[in-house]
Amino acid sequence: MSVTIKDVAKQANVSPSTVSRVISDSNKISEKTKKRVRKVMEEMGYHINLNARVLVQKSTQTIGIVMKHSASQTLENPFFPELLRGISAECNEKEYSILLTTGNSEEAIFDEVKKLVMGKRVDGIIVIYSKKDDPVVPYLLESGIPFVVIGKPTKEQNRIMYVDNDNVQAGTDATEYLINCGHKRICFIGDDPEYQVVQDRMSGFDIAARKHELKIPDKHYLTFPMKVDEIAEKKISALLETKDRPTAIISSSDVHTLMVITALRKKEIKIPNEMSIITFNNTIISKLSTPPLTSIDIQTYQLGFEAAKIVIELIKNPEMFRKSVIIPAIIVERESVSKL
């Protein structure tokens, strides 16, 4: 015999309408009551009829996730699974599913986003990157669907909800850390400069260099997309062969740092005795690398969690005040930086 809303209401000592509001996650019901009713639902084995709820509420209870690259390529970077873990935690708590975009090019991903919106397959969207001249965010603004961006939008910041770190400050902090350890010849290695996060971290690098009157040559700025291993290896190798090669490197992601470490080993340059490294994101790569890497912890899980929290709030209250959430970034000291 199936369990009904009335059965749950009787056991929880509330009205059937209260149970219905708990199922729809109404703001009119206290969190204490929601937890009590949900516990009774679980104990009694009550399962929500999702199809019926979609018809009644015209809601999919699904959040779309717009990936930076194709799903397979994105998930190769340990930053993104951790980000998705934070998103999933909050979505699961609020009984939302997630749907990842797929596509082997920016055009294919954009087409997928349009299908999600026009087909009303999701209630809201999280864009997990911010990129110059990207068509996704302007389209979402025009469509009116609730969405949040992870990263500082390149335009229309006053109209867009976003979650980010202060990446300019984080880039400054990383550079200051190396300078305070005695390093003056420092190189910045980053991802595709079309992404705002790379621009901001590089700006922080420049701010600290100017403050300490360091002259950074152009060849000490290296940027390249993730899937260009041969180009990256050639650029890094050329840098290491110069007479005035840097004594320290700032890498804007752990994946790029792996390329740096590989190049250093081929040249038999030891970390940190002959080259210091500080990296970003503090993923599992930083912890398991040999030696373990000093890293800027951007609290990736929390970025995802807050993004999911905001987009669900926006779905329930489309007129809510637009805001940004800045997650602190902290330096985690390990063994990859030496003092001169």
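For clarity, every value in this text was computed on a predicted model and none was experimentally measured.

1. Side note on the side chain of Ser 130
And step 1. If you trace the backbone, Ser 130 turns up in the loop between β3 (124–127) and α8 (136–143).
And step 2. With relative accessibility at 10%, the residue Ser 130 sits in the buried group.
And step 3. Only 2.7 Å separates the side chain of Ser 130 from the backbone oxygen of Lys 152, close enough to count as a polar contact.
And step 4. Those residues in contact with Ser 130, other than ones at most four positions away along the chain, are Val 149, Ile 150, Gly 151, Lys 152, Pro 153, Thr 154, Glu 194, Tyr 195 and Gln 196.

2. Overview of the sheet that holds strand β7 (residues 221–223)
Paired through their backbone hydrogen bonds, the strands of a sheet run either parallel or antiparallel.
And step 1. Spatially, the 6 strands line up as an open sheet ordered β7-β6-β8-β9-β10-β12, and their pairing is mixed. Edge positions in the sheet fall to β7 and β12 (330–332), since each has one partner strand and no second. For this sheet, the mean inter-axis angle between neighbouring strands, taken without regard to orientation, is 20 degrees.
And step 2. Here strand β6 (residues 186–190) pairs with strand β8 (residues 248–251) via 4 bridges, running parallel.

3. Observations concerning the sheet that holds β3
And step 1. The parallel open sheet is built from 6 strands, whose spatial order is β2-β1-β3-β4-β5-β11. Each edge of the sheet is formed by a strand with only one pairing partner; in this case those strands are β2 (97–100) and β11 (324–326). Going across the sheet, the axis of each strand differs from the next one's by a mean of 20 degrees, ignoring polarity.
And step 2. As defined by bridge partners, β3 adjoins strand β4 (residues 147–150) across 3 bridges and the pair is classed as parallel. Note on β4: the bridge partner recorded for Ile 125 is Phe 147.

4. Description of the nonpolar core
And step 1. By size, the foremost hydrophobic cluster in this structure holds 69 residues, and its most contacted members are Ile 63, Ile 87, Ile 125, Ile 126, Ile 128, Leu 140 and Ile 250.
And step 2. Sorting elements by how many residues they give to this core places helix α14 (residues 300–316) first, with 8 residues.
And step 3. When neighbours within four sequence positions are excluded, Ile 125 is seen to be in contact with Ile 63, Gly 64, Val 66, Val 113, Val 117, Leu 140, Ile 145, Pro 146, Phe 147, Val 148 and Val 311.
And step 4. Among the nonpolar cores identified, the runner-up in size contains 19 residues, and Cys 187, Ala 232, Ile 236 and Val 260 belong to it.

Criteria and cut-off values
- Residue numbers here run from 1 along each chain, matching the order of that chain's written sequence.
- In keeping with the model being predicted, local features are shown solely for residues with a pLDDT of at least 70 and side-chain atom pairs are shown and tallied solely at 80 or more, while totals for entire chains, interfaces and linings include all residues.
- As a rule here, side-chain values cover all heavy atoms of the structure and leave hydrogens and water aside.
- We count a stretch as a helix when DSSP gives it H or I for four or more residues in a row; a strand needs E for two or more, and each element gets its number in order from the N terminus.
- Think of it in three bands: with a 1.4 Å probe and only protein chains considered, a residue is buried below 20% of the maximum accessible area for its type, exposed above 50%, and partly exposed in between.
- Each polar contact in these results corresponds to two N or O atoms within 3.5 Å; when the atoms are within protein, one needs to be able to donate a hydrogen and the other to accept it, and residues that are neighboring in sequence are counted only if both atoms are side-chain atoms.
- Whether two residues are in contact is decided by their heavy atoms: any pair within 4.5 Å suffices.
- Two strands qualify as a pair provided that DSSP identifies no fewer than 2 bridges between them.
- Only the stretch in contact is used when fitting a helix axis, every axis being a line fitted to C-alpha atoms; angles between N-to-C directions are given from 0 to 180 degrees.
- Only buried residues count toward a nonpolar core, which is a set of Ala, Val, Leu, Ile, Met, Phe, Trp, Tyr and Cys residues joined through side-chain atoms within 4.5 Å.

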